[in-house]
Amino acid sequence: MLIRLLFLFTVVPFVELVILLQVHHAISSVWGNGIGLLVTLGGIVVTGILGATLARQQGLGVIRQVRGQMGRGEVPGQALADGILVLFGAALLLTPGFLSDIFGFSLLIPASRSFYRTRMMRWFKGNVQIHRAGFSSGSGAGAQPEVFVVDPVESKLTDDRPS
């Protein structure tokens, strides 16, 4: 885990900085330093504004989806996963850099977000188990424990009570 964090917080920003400097150099060599700086910084600002607008739109859609599913008594597993991905995509768009912007936009576009959601749900299902244990309404020594498991992929609450 430490290696992944080291990679995330050192190598990725370094690569982003190198790409930004290369883009600035390419634009500056054609149009001059002043224009190159304005275009490079302007690109960062524009992607931030577009990302914030798209994140707001997609986030509100996810909130409506969660409310609708909860109103029908369903577990909003996929909608909550979409919410996590939209939030992560918005955070990536606020960080300067072209690679983070590309990945951030891909998390905000519903078609590509479904790809990430499927992978995330598969990981979640394989690594996390959610149990809610209690006892049935009976009392005394004959009370049966109740175990409910939330399946995040199917978004259904299943009764795994021992027979």
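All figures in this text were calculated on a predicted structure; none of them were measured in a lab. (Residues numbered from 1 in each chain as written. Predicted model: local features only at pLDDT ≥ 70, side-chain atom pairs only at ≥ 80, totals over all residues. Heavy atoms only, no water.)

**Topic: helix 4 (residues 98-108)**
- For helix 4, the full list of buried residues reads Ser100, Asp101, Gly104, Ser106, Leu107 and Leu108.
- Residues of helix 4 that are buried in the fold lie against helix 1 (2-31), helix 2 (33-71), helix 3 (77-94) and helix 5 (110-127). (Buried < 20%, exposed > 50% of the residue type's maximum accessible area, 1.4 Å probe, protein only. Helix = DSSP H or I, 4+ residues; strand = E, 2+ residues; numbered from the N terminus. Contact = heavy atoms within 4.5 Å.)

**Some thoughts on the pattern of salt bridges**
- Inspection of the entire model under this criterion finds 3 salt bridges.
- Between Glu74 and Arg72 there is a salt bridge; the shortest N-O distance is 3.5 Å.
- Residue Arg113 pairs with Asp82 through a salt bridge whose shortest N-O separation is 3.5 Å. Of this pair, Arg113 sits in helix 5 while Asp82 sits in helix 3; the two residues are 31 residues apart in sequence, bridging distant segments of the chain.
- Shared partners join several salt bridges into a network, and the residues in it are Asp82, Arg113 and Arg117. (Salt bridge = Lys/Arg side-chain N within 4 Å of Asp/Glu carboxyl O.)

**Topic: the packing of helix 2 against helix 3**
- Close contact between helix 2 and helix 3 brings their axes to 9 Å; oriented N to C, the two are set at 165 degrees. Viewed along their axes, helix 2 and helix 3 adopt a mutual orientation that is roughly antiparallel. The handedness of the crossing between helix 2 and helix 3 comes out as left-handed. Here Thr47, Gly48, Gly51, Ala55, Gln58, Gly59, Val62, Gln65, Val66 and Gln69 of helix 2 come into contact with helix 3, specifically with Gly77, Ala79, Leu80, Asp82, Gly83, Val86, Ala90, Leu93 and Leu94.
- Classifying every residue of the contact of helix 2 with helix 3 gives 9 nonpolar, 9 polar and 1 charged. (Axes fitted to C-alpha atoms, helices over the stretch in contact; angles between N-to-C directions. Parallel < 35°, antiparallel > 145°, perpendicular 65-115°, else oblique. Left-handed = near helix turned anticlockwise from the far one by under 90°. Nonpolar A, V, L, I, M, F, W, Y, C, P; charged D, E, K, R; others polar.)

**Things to note about the confidence of the model for the protein chain**
- With 79% of its residues at a pLDDT of at least 70, the protein chain reaches an overall mean of 81.
- Looking across the protein chain, the model is least confident in strand 3 (residues 156-159), with a mean pLDDT of 50, and most confident in helix 4, with 92. (pLDDT = per-residue confidence, 0-100.)

**Here's the deal with the nonpolar core**
- Counting 8 residues, the largest nonpolar core consists of Ala55, Val62, Val66, Ala79, Val86, Ala90, Leu93 and Leu108.
- Looking at this core, the elements that each hand over two or more residues are helix 2 and helix 3.
- Leu108 has contacts with Gly51, Leu54, Ala55, Gln58, Val86, Ala90, Leu93 and Arg113, leaving out every residue within four places of it along the chain. (Core = buried A, V, L, I, M, F, W, Y, C linked by side-chain atoms within 4.5 Å.)

**So, a nonpolar patch on the surface**
- Among the surface-exposed residues, Met1, Leu5, Phe7, Leu8, Phe9, Val11, Val12, Phe14, Val15, Val18, Leu99 and Ile102 lie close enough to one another that they form a single nonpolar patch of about 1200 Å² accessible area.
- For the nonpolar patch, the secondary-structure elements that each account for two or more residues are helix 1 and helix 4.
- Assignment of secondary structure puts Val15 in helix 1.
- By relative accessible area, which is 33% here, Val15 ends up partly exposed. (Patch = residues over 30% accessible without salt bridge, like charges linked within 9 Å, V, L, I, M, F, W, Y side chains within 5 Å. Areas by Shrake-Rupley, 256 points an atom, 1.4 Å probe, with all protein chains shown as cover.)

**As for the environment of Leu80**
- By the secondary structure assignment, Leu80 is in helix 3.
- Along the backbone, Leu80 and Ile63 are 17 residues apart, and their C-alpha atoms lie at a distance of 8.6 Å.

**Section: helix 5**
- Between its first and last C-alpha, helix 5 extends 25 Å over 18 residues, near the 26 Å set by a 1.5 Å rise per residue.
- Listing the buried residues of helix 5 in full gives Arg113, Arg117 and Met121. Seen end-on, helix 5 carries its buried residues on one side only, within an arc spanning 75 degrees. Away from its buried face by more than 90 degrees, helix 5 exposes Arg122, Trp123 and Gly126. (Expected span 1.5 Å × (residues − 1). Arc of directions from axis to C-beta.)

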